[in-house]
Amino acid sequence: QVQNIDCGGGYLKVFDCSLDQKDMHGESPYLIMFGPDICGPGTKKVHVIFNYKGKNHLIKKEIRCKDDVFSHLYTLIVNPDNTYEVLIDNEKAQSGELEEDWDMLPPKKIKDPEAKKPDDWDDRPTIPDPEDTKPEDWDQPEHIPDPDATKPEDWDDEMDGEWEPPMIDNPDYKGEWKPKQIDNPDYKGPWVHPEIDNPEYTPDPEIYKYDEICSVGLDLWQVKSGTCLGPRSMLKMLMDPMGGIVMTNDGNAILREITVQHPAAKHMIEIAR
């Protein structure tokens, strides 16, 4: 049956020739990882991760994935001019430049380490009015004895101690006095740290390019019980030892393709065939 995904993901991973396909797993190093990730109400995004010089870099933009029960087509296009597009159901969901949207290269500009804000730089838009004075009646206690309270008739001073009325909020209390603010005549605006060219930055016109791409794999995971790769009456995917892929919803086709070693299971499949 079709399921709402509570927490799961489906990623296409692109590998170089060092991958041992028989030992592929979730932690196998990859060149590109692309696909939707859903986990609770807070995570509903499309991952686009590039490996550059041995380090994985996540996209800095947020791309929201679909979270309904229907199938969707996710497409990643990487162009030789170092631009990219992400499509969902053939509609553009995000686009931009590789250098701008991933931190694969150091920034072109950095803050000048030799620069510092001048000691006389005043970045306060307003200042306390030096002519303002506190009113004479300003200082009042925060709490006062309740003037409407009366000593209980059965109160015994010897037994209960000296009676004191309960305290209440003082309606005349105004809090801490502060002088009013006026425009600062010496205000120079916010200080902006000067930037210089980053000596560690080197442009890479082939940031999009990988020297070798030998295989692709699917990393599919789901924490909801009863999960299968393809729900009933929908397509199932099979991959043969040579890397060929078969998409089918025919149970007989699945039986023809799979290989088992257990004698009892093998016998049951041969009968079913």
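Residues numbered from 1 in each chain as written. Predicted model: local features only at pLDDT ≥ 70, side-chain atom pairs only at ≥ 80, totals over all residues. Heavy atoms only, no water.

### Some thoughts on the packing of aromatic side chains
Moving on, step 1. Scanning all chains against the criterion turns up two aromatic pairs.
Moving on, step 2. The interplanar angle of 75° and the centroid separation of 4.8 Å between the aromatic rings of Tyr84 and Trp102 together place this pair among those described as edge-to-face. With Tyr84 in strand 6 (residues 83–88) and Trp102 in the loop between helix 1 (98–101) and strand 8 (109–111), this residue pair connects regions lying 18 residues apart in the sequence. The pair Tyr84 / Trp102 is uniform in exposure class, with both members buried.
Moving on, step 3. Among the aromatic residues, those joined into a cluster by ring pairs are Phe50, Tyr84 and Trp102. (Phe/Tyr/Trp six-rings, centres within 6.5 Å; stacked < 30°, edge-to-face > 60°. Helix = DSSP H or I, 4+ residues; strand = E, 2+ residues; numbered from the N terminus. Buried < 20%, exposed > 50% of the residue type's maximum accessible area, 1.4 Å probe, protein only.)

### A closer look at the nonpolar core
Within soluble globular proteins, side chains that are nonpolar tend to cluster in buried spots.
Moving on, step 1. Formed by 22 residues in total, the largest nonpolar core has its most connected members in Val46, Val48, Phe50, Leu98, Trp102 and Met104.
Moving on, step 2. Secondary structure elements with two or more residues in this core: strand 2 (32–39), strand 3 (43–52) and strand 6.
Moving on, step 3. The leading source of residues in this core is strand 3, at four residues.
Moving on, step 4. Residues in contact with Phe50, not counting those within four places in the same chain, are Leu31, Ile32, Lys55, Asn56, His57, Leu76, Val78, Leu98, Trp102, Met104 and Tyr210.
Moving on, step 5. Tyr11, Phe15, Tyr30 and Ile49 belong to the second largest nonpolar core, which has six residues in total. (Core = buried A, V, L, I, M, F, W, Y, C linked by side-chain atoms within 4.5 Å. Contact = heavy atoms within 4.5 Å.)

### Structural notes on the pairing of strand 3
Moving on, step 1. Within strand 3, seven of the 10 residues are buried, leaving the element largely enclosed by the surrounding structure.
Moving on, step 2. Looking at chain direction, strand 2 and strand 3 are connected through eight bridges and run antiparallel. Bridging from a neighbouring strand, Cys39 pairs with Thr43 of strand 3.
Moving on, step 3. What sits between the antiparallel neighbours strand 2 and strand 3 is a turn of three residues, in which Gly40 has the positive phi angle 70°.
Moving on, step 4. Two strands pair when backbone bridges link them, and strand 3 and strand 4 (residues 55–58) are joined in this way by four bridges, in the antiparallel orientation. Its bridge partner being in strand 4, Tyr52 is matched across the sheet by Lys55.
Moving on, step 5. As consecutive antiparallel partners, strand 3 and strand 4 are separated by two residues, and within that stretch Lys53 has a phi angle of approximately 55°, a positive value. (Pairing = 2+ DSSP bridges.)

### Structural notes on the state of the cysteines
A covalent bond bridging the sulfur atoms of two cysteines is what the word disulfide describes.
Moving on, step 1. The full count for this structure, using the stated rule, is two disulfides.
Moving on, step 2. Across a sulfur-sulfur distance of 1.9 Å, Cys7 and Cys39 are joined as a disulfide pair. On the sign convention where negative means left-handed, the S-S torsion of about -90° between Cys7 and Cys39 marks this disulfide as left-handed. Taken as a pair, Cys7 in strand 1 (residues 7–15) and Cys39 in strand 2 lie far apart in primary sequence, 32 residues in all.
Moving on, step 3. For Cys7, a relative accessible area of 11% translates into the label buried.
Moving on, step 4. One disulfide in the model links Cys17 with Cys214; its S-S distance is 1.5 Å. In this pair, Cys17 sits in the loop between strand 1 and strand 2 while Cys214 sits in the loop between strand 13 (195–197) and strand 14 (215–222), placing the two residues 197 residues apart along the sequence.
Moving on, step 5. Of the residues examined, Cys214 reaches a relative accessible area of 42% and is grouped as partly exposed.
Moving on, step 6. Of note for the protein: the bonded cysteines, numbered N- to C-terminal, pair according to 1-3, 2-4. (Disulfide = S-S within 2.5 Å.)

### Quick look at the sheet that holds strand 7 (residues 91–97)
Moving on, step 1. Taking strand neighbours across the sheet as the criterion, the three strands line up as 5-6-7 in an open arrangement whose pairing is antiparallel. Two strands lie at the open edges of the sheet, namely strand 5 (74–78) and strand 7, each paired on one side alone. On average, each strand axis in the sheet is inclined to that of its neighbour by 15°, with strand direction left out of account.
Moving on, step 2. Two strands pair when backbone bridges link them, and strand 6 and strand 7 are joined in this way by six bridges, in the antiparallel orientation. Across the sheet, Thr83 pairs through a bridge with Glu97, a residue of strand 7. (Axes fitted to C-alpha atoms, helices over the stretch in contact; angles between N-to-C directions.)

### What about the confidence of the model for the protein?
Moving on, step 1. For the protein, mean pLDDT is 85; residues scoring 70 or higher make up 80% of the total.
Moving on, step 2. Note on residues 227–235: pLDDT is under 50 here. Beyond four places in sequence and across chains, it has 17 contacts. (pLDDT = per-residue confidence, 0-100.)

### Considering the sheet that holds strand 2
Moving on, step 1. The strand order across the open sheet formed by five strands is 4-3-2-1-14, and the pairing between neighbours is antiparallel. Edge positions in the sheet fall to strand 4 and strand 14, since each has one partner strand and no second. For this sheet, the mean inter-axis angle between neighbouring strands, taken without regard to orientation, is 15°.

### Some words on the environment of Val86
Moving on, step 1. Tracing the chain through its elements places Val86 in strand 6.
Moving on, step 2. Given a relative accessible area of 0%, Val86 falls into the buried group.
Moving on, step 3. Counting along the chain gives 10 residues from Val86 to Gly96, while the straight-line C-alpha distance between them is 9.4 Å.
Moving on, step 4. Ignoring sequence-local partners within four residues, the contact set of Val86 consists of Phe34, Val48, Ile63, Thr75, Leu76, Glu91, Lys92, Ala93 and Gln94.

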